[in-house]
Amino acid sequence: LKVLDVSHCVRILDGLTEIALDSAAAINSNSLVSLHVHRLSALEDRTLQAIVLSCVHDCEDKAKGFMRLDIGYCTSLSRSVVLSILCCYSDLVELNVSGLLAVDDSAAINAARTMVKLVRLSVADCLNVGDAGMLGFIQNCPCLEFLDMSNNSSLTDTVLASIPLKCPVSYTHLRAHE
């Protein structure tokens, strides 16, 4: 299995947990490239850990080939699990953590230092991510082409002013509205 997308499928959560906890039989985690669990607000830490963290034997392995992660609006995830996942994936090219209060400036800055290959980033509704966190991504992710930082009243003009100075001309989509 290369892509697992169960976004918005709230009624299959129990089955997903069973699959995740027995991932050796159900998912060849070494071949998983993309995981989308968008808006599974009841997603448990143990389920996400079983799927995502099974892609690596340890953090040094860095989950080669695992490139897309969408955990946007999975609001029941704990801060510690979100941070552990963000720290292990340097090869991610797409990341959606929209709506996660667990993502703050500190988490954003730490993630940005390791995710230098990011092309698409969505941090919409991440109300704990301010200018410092966004500047971390802008300064450390030179490949960004899509940045969604909408619905965030914590951001100021400082972030927008830094984009032309710190980013390559390759930005093709910027979404910022309140």
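Parameters at a glance
Position labels on residues start from 1 in each chain and follow its written sequence. Given that the model is predicted, a residue must reach a pLDDT of at least 70 before its local features are reported, and side-chain atom pairs must reach 80 or more before they are shown or counted; all residues, however, enter totals for whole chains, interfaces and linings. In computing side-chain values, all of the structure's heavy atoms are included and hydrogens and water are not. In this text, buried Ala, Val, Leu, Ile, Met, Phe, Trp, Tyr and Cys residues form a nonpolar core when linked through side-chain atoms within 4.5 Å. Note on exposure labels: buried denotes an accessible area under 20% of the residue type's maximum, exposed denotes more than 50%, and partly exposed covers the range between, all computed with a 1.4 Å probe on protein chains only. Numbering of helices and strands runs from the N terminus; a helix is a DSSP stretch of H or I covering at least four residues, while a strand is a stretch of E covering at least two. The criterion for an aromatic pair is that two Phe, Tyr or Trp rings (for Trp, the six-membered ring) have centres within 6.5 Å, with stacked assigned to planes under 30 degrees apart, edge-to-face to planes over 60 apart and tilted to the rest. Our definition puts a charge over a ring when NZ of Lys or CZ of Arg is within 6 Å of the ring centre and also within 35 degrees of the ring normal. Counted as a polar contact is a pair of N or O atoms within 3.5 Å, where, for protein atoms, one must be capable of donating a hydrogen and the other of accepting one, and residues adjacent in sequence contribute only when both atoms are in side chains. Contact definition: two residues touch when any of their heavy atoms are within 4.5 Å.

Before going further, it helps to spend a moment on the nonpolar core. In this structure, V37 and L48 are the most contacted members of the largest nonpolar core, which totals 48 residues. Among the elements of the structure, α3 (45-52), α4 (79-88), α5 (105-114), α6 (131-140) and α7 (157-166) are those that each provide at least two residues to this core. The element that contributes the greatest number of residues to this core is α4, accounting for five residues.

A word on the packing of aromatic side chains. According to the stated counting rule, one finds one aromatic pair in the structure shown. Residues F66 and Y89 carry aromatic rings whose centres are separated by 5.2 Å and whose planes lie at 55° to one another, so their mutual orientation is tilted. Of this pair, F66 sits in the loop between α3 and β3 (68-70) while Y89 sits in the loop between α4 and β4 (94-96), and the two are 23 residues apart along the sequence. What makes F66 buried here is its relative accessible area of 1%. Given a relative accessible area of 1%, Y89 falls into the buried group. Here the basic side chain of R39 rests over the ring of Y73, its NZ or CZ set 3.9 Å away from the ring centre.

The topology assignment puts N96 in strand β4. For N96, the side chain forms a polar contact with the side chain of H38, separated by 3.5 Å. In this structure the side chain of N96 is engaged in a polar contact, spanning 2.8 Å, whose partner is the backbone nitrogen of S98. Once residues within four sequence positions are removed from consideration, N96 is found in contact with H38, L69, D70, I71, G72 and S122.

Everything listed is a geometric property; what it means functionally is a separate question.
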